[in-house]
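Inside the fold
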Amino acid sequence: MKTLLLLAATLGTLTNSIAGELKVENYAFAKAETSSLHISTPKPDANTIKVALLLDTSNSMDGLIDQARAQLWELVNELALAKCGNDSQPDLKIALYEYGNDRLNAREGYIRMVSAFSTDLDEISKNLFSLTTNGGNEYCGNVIQTSLNQLDWGKNANDLNLIFIAGNEPFDQGPITYESAASNACGKDVTINTIFCGDYNQGVKTHWKDGAALTKGDYIAINSDRTTVHIPSPYDDEILHKNAALNKTYVGYGNLASSKMALQSSQDSNAEAYGSANAVKRAVSKSSRLYKNSSWDLVDALDDNEEIVEELEVSELPKELKGKNEKEIKAYIAQKKKERKKIQEEIATLNKKRQSYVAAKTNKKDNELRNALIEAIKKQGKVKDYHWEE
């Protein structure tokens, strides 16, 4: 089965990601007692937007991390509108690294892979909220090269492979030169985009612009301490009400269900911590095609594997399905799918009205990190015939 979880690239990083969960690309856990796998055929020729976020977590970067947390869902919502040349819709995978933090292993260049490429948006959100800052040495060349070595960038020429590295120290520090890392990136068809947290000209002087230019990426400078602006709308309360209903359409199965449903709820709360307008953006993401949970939700799993119900053990079923026969289970799942689709369509309709309202009140200088990411992705996507729905 196509899953939303990927194998962490090294054993050392596995213990820093999801404890007790085995990540295997294109598979999902199902039988807790036998550890067997429910398998489905991967989608052929699926193009993918791969985004690796390399974030400086030294002392001065609290604002940067805060912006990343607050703007994740808006980024996802923009990428959900992407289309490839043949009008197919690309998948999205996001990886996360932190660097420049004294708590990290000095022998590894003060670098940690927080998560490998993943489609699990709740895990990505959780990992962003797990980051903390501390003083350290920021080695940009090292973290770029590490991400090139550890992540599975694949060999599909139509994939859009992007690194976004953000920080505020000189770009040329560390034992691995940024020129060498950029050369290796070109060899893997990866574009490096640099985000300097500070004055634009200072970033130029400290090689951040050059670091992007070597792979034809974008360089921008942002004020990392600027608070993210979330504009409320008259449609927010209704969208959030529908998000609560959306959560009730999930039918957990297997040994991941309990923890994943709790994770879904906790990330709703994390989004809400930045205000109801941000929680609305997460609700919109959850109603998009990019939010799938086949590894623990039977509604999504049945879409990927028509035989999932027959393969499940009774012990893997939620209590509401225990004692039901196969026909009854499938009917229950079909009803939940119908409910979910209706709610998602209602959220999408409300969101169009919300977007029109918000657009009229948006200052283009707000949310610089989000703007930088989206503008670079769209610009570089055009080279590979990606375009965006209006």
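Section: the packing of aromatic side chains
Going through the model one piece at a time under the given rule, you end up with nine aromatic pairs. Their ring planes at 85° and their centres at 4.9 Å tell us that Phe 117 and Trp 153 sit as a pair that is edge-to-face. Here Phe 117 is found in strand β6 (residues 111-118), whereas its partner Trp 153 is found in the loop between α4 (140-150) and β7 (160-167), with 36 residues between them in sequence. One aromatic cluster in this structure is built from Phe 171, Tyr 178, Phe 196 and Trp 208. Above the ring of Tyr 250, the side-chain terminus of Arg 340 is found at 3.8 Å from the ring centroid.

Focus on helix α8 (residues 236-247)
An α-helical segment advances 3.6 residues per turn. Residues three or four places apart therefore align on the same side. The end-to-end C-alpha distance of α8 is 17 Å, a good match for the 16 Å that twelve residues give at a rise of 1.5 Å each. For α8, the set of buried residues is Asp 236, Ile 239, Lys 242, Asn 243 and Leu 246. Angularly, the buried residues of α8 cover 125° about the axis, an arc narrow enough to put them on a single face. Exposed residues on α8 whose side chains face more than 90 degrees from its buried face are Asp 237 and His 241.

Describing the side chain of Ser 285
Relative to the assigned elements, Ser 285 resides in helix α10 (residues 276-286). For Ser 285, a relative accessible area of 0% puts it in the buried group. Apart from the residues lying within four places of it in its own chain, the contact partners of Ser 285 are Trp 73, Val 76, Asn 77 and Tyr 291.

Some remarks on the layout of surface pockets
Here the largest pocket defines a volume of roughly 1,800 Å³. Around the largest pocket, the lining is made up of 48 residues, and of these Asn 77, Glu 78, Leu 81, Asn 351 and Gln 355 lie nearest the centre. Taken together, the elements giving at least two residues each to the lining of the largest pocket come down to α2 (62-79), α10, α11 (298-304), α13 (326-359) and α14 (368-383). Top element by residues in the lining of the largest pocket is α13. It accounts for twelve residues.

Side note on the pattern of salt bridges
Working definition: two side chains of opposite charge can pair if their charged atoms are close together. Tallied over the full model, the rule gives 23 salt bridges. Here Glu 98 makes a salt bridge to Arg 112, at a shortest N to O gap of 2.8 Å. Pair noted here: Glu 98 is in strand β5 (residues 91-99) and Arg 112 is in strand β6, with a separation of 14 residues, a long-range link. In this structure, Asp 268 and Lys 286 form a salt bridge, with 3.1 Å as the shortest nitrogen-oxygen distance. Placement of the pair is Asp 268 in helix α9 (residues 257-272) and Lys 286 in helix α10, with a sequence separation of 18 residues. Of the residues examined, Lys 286 reaches a relative accessible area of 0% and is grouped as buried. In this structure, a network of salt bridges that share partners links the residues Glu 74, Glu 78, Lys 281, Arg 370 and Lys 378.

Procedures and definitions
Residues numbered from 1 in each chain as written. Predicted model: local features only at pLDDT ≥ 70, side-chain atom pairs only at ≥ 80, totals over all residues. Heavy atoms only, no water. Phe/Tyr/Trp six-rings, centres within 6.5 Å; stacked < 30°, edge-to-face > 60°. Helix = DSSP H or I, 4+ residues; strand = E, 2+ residues; numbered from the N terminus. Lys NZ or Arg CZ within 6 Å of the ring centre and 35° of its normal. Expected span 1.5 Å × (residues − 1). Buried < 20%, exposed > 50% of the residue type's maximum accessible area, 1.4 Å probe, protein only. Arc of directions from axis to C-beta. Contact = heavy atoms within 4.5 Å. 1 Å grid on protein atoms, 1.4 Å probe; cavity = no way out; pocket = protein on both sides within 12 Å on 5 of 7 lines; lining within 4 Å. Points joined across faces, edges and corners; volume = space filled by probe spheres on them. Salt bridge = Lys/Arg side-chain N within 4 Å of Asp/Glu carboxyl O.

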